[in-house]
Amino acid sequence: MKVVGVSLFVTRLPLVHGFETSSHRKSHLDHIVVRLTDESGAVGWGEIASASDPFYSSETVDTALLVAKKYIVPAIIGHEWETPAELATTWARIRGHEFAKAGFDMAAWSLYSGARDEPLSAALGGTRAEVAAGVSLGIESSIDALLTEVSRHVDAGYRRVKLKIKPGWDIGPVRAVRAAFPKQDVHVDANGIYADTDETTALMRGLDEFGLSMIEQPYAPRNFVAHARLQATLETPICLDEGVVDLDDIGTMIALGAGRILNIKVSRMGGLTVARAAHDLARDAGIPVWCGGMHEFGIGRAANVALSSLPNFSYPSDVSASEKYYAKDIIDPRSPHSTAW
């Protein structure tokens, strides 16, 4: 197989409901759609789901475009490959820039599974015909507004609700949600905003009483030692997200006991190839996983669903319906125009 053509499309979709995390609020998403064409004329699609601003990670739409056009595209054009892992060797020497790599790796898997005439989930080694869906809810203007959002999504059938938290918006909202939905699977996500202090430790211990399925990334991304100390004091499992970028980070997480659950994001880890390897490594270590999202459009969301079919995905993944975020998705031919280079 050989890639002979590459197109990148920077595409903006407005959110139907503003989304706030511990670092910022957003009303729209700009993602880069990747189209690869092979020598037979077959097309594979991928999505670079980097944010516009460097708040979740250091990558942005602008940096991803630069790396893609200057380094990744020249490396893959004309390169012979049989599997997506082989194509990924062409960009292996590029350090970082996992989001940019992920879009190309995703498109390679699209080409690969299409050439084999099998679903992407089967090509990845998935064992499920259906996957459980969870939903991620942002910080709202009031607890009443949050309860309205939780109620709407619980009624829609989502099996897990993730609540974004930050200092000053943590114990109170969680207490209110648990009181209103005592049997609902709930977990919280801090996106690494809390400082490693005695006050934070006490606050996290306070969350133990609410029967959460996990506390996700309370401390800064690479502060494995602080997470290990905190996990030793909690009954609630800690889940790492931003802290695990490559496979070596999983080894550090396991060696230090820095968490008991892993959030695998295709974009954060550089693509489906690495995400599948992360699944296998976590499985062998007895670490359950789930698939997190980056508000992907339809292309990236479909890849997340396919990945979630692997056997060690043990919690509902962030694979909520597109309508949760977008009035129109790019998988709809009536979607807004894109800007191509």
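Not measured: the values here are computed from a predicted model.

## Here's the deal with the nonpolar core
Moving on, step 1. Within the largest apolar cluster, 98 residues are counted, with the highest numbers of intra-cluster contacts made by Phe104 and Leu207.
Moving on, step 2. Take this core: its biggest share by element is nine residues, from helix α3 (residues 98-115).

## What to know about the layout of surface pockets
To find leftover empty space, one rolls a probe the size of a water molecule over the atoms.
Moving on, step 1. There is about 360 Å³ of room inside the largest pocket.
Moving on, step 2. Lining the largest pocket are 19 residues, with Glu98, Lys101, Asp246, Met269 and Val274 positioned closest to its centre.
Moving on, step 3. Contributing elements (two or more residues each) for the lining of the largest pocket: α3, α9 (247-256) and α10 (272-284).
Moving on, step 4. Across the lining of the largest pocket, the residue classes break down as nine nonpolar, four polar and six charged.

## A closer look at the pairing of strand β5 (residues 160-164)
Moving on, step 1. With respect to burial, β5 is a largely interior element, five of its five residues being buried.
Moving on, step 2. Neither face of β5 is open: one carries Arg160, Lys162 and Lys164, the other Val161 and Leu163, and all of them are buried.
Moving on, step 3. Relative to β5, strand β4 (residues 134-137) is paired through four bridges, and the arrangement is parallel. Bridged to leucine 137 within β5 is leucine 163.
Moving on, step 4. With respect to chirality, the unit in which β4 leads through helix α5 (residues 143-155) into the neighbouring parallel β5 is right-handed.
Moving on, step 5. Where β5 meets strand β6 (residues 185-189), five bridges bridge the pair, whose relative direction is parallel. Of the residues in β6, the one forming a bridge with lysine 162 is histidine 187.

About the criteria used
- Residues numbered from 1 in each chain as written.
- Predicted model: local features only at pLDDT ≥ 70, side-chain atom pairs only at ≥ 80, totals over all residues.
- Heavy atoms only, no water.
- Core = buried A, V, L, I, M, F, W, Y, C linked by side-chain atoms within 4.5 Å.
- Buried < 20%, exposed > 50% of the residue type's maximum accessible area, 1.4 Å probe, protein only.
- Helix = DSSP H or I, 4+ residues; strand = E, 2+ residues; numbered from the N terminus.
- 1 Å grid on protein atoms, 1.4 Å probe; cavity = no way out; pocket = protein on both sides within 12 Å on 5 of 7 lines; lining within 4 Å.
- Points joined across faces, edges and corners; volume = space filled by probe spheres on them.
- Nonpolar A, V, L, I, M, F, W, Y, C, P; charged D, E, K, R; others polar.
- Pairing = 2+ DSSP bridges.
- Right-handed = clockwise from strand over helix to strand, strands pointing away.

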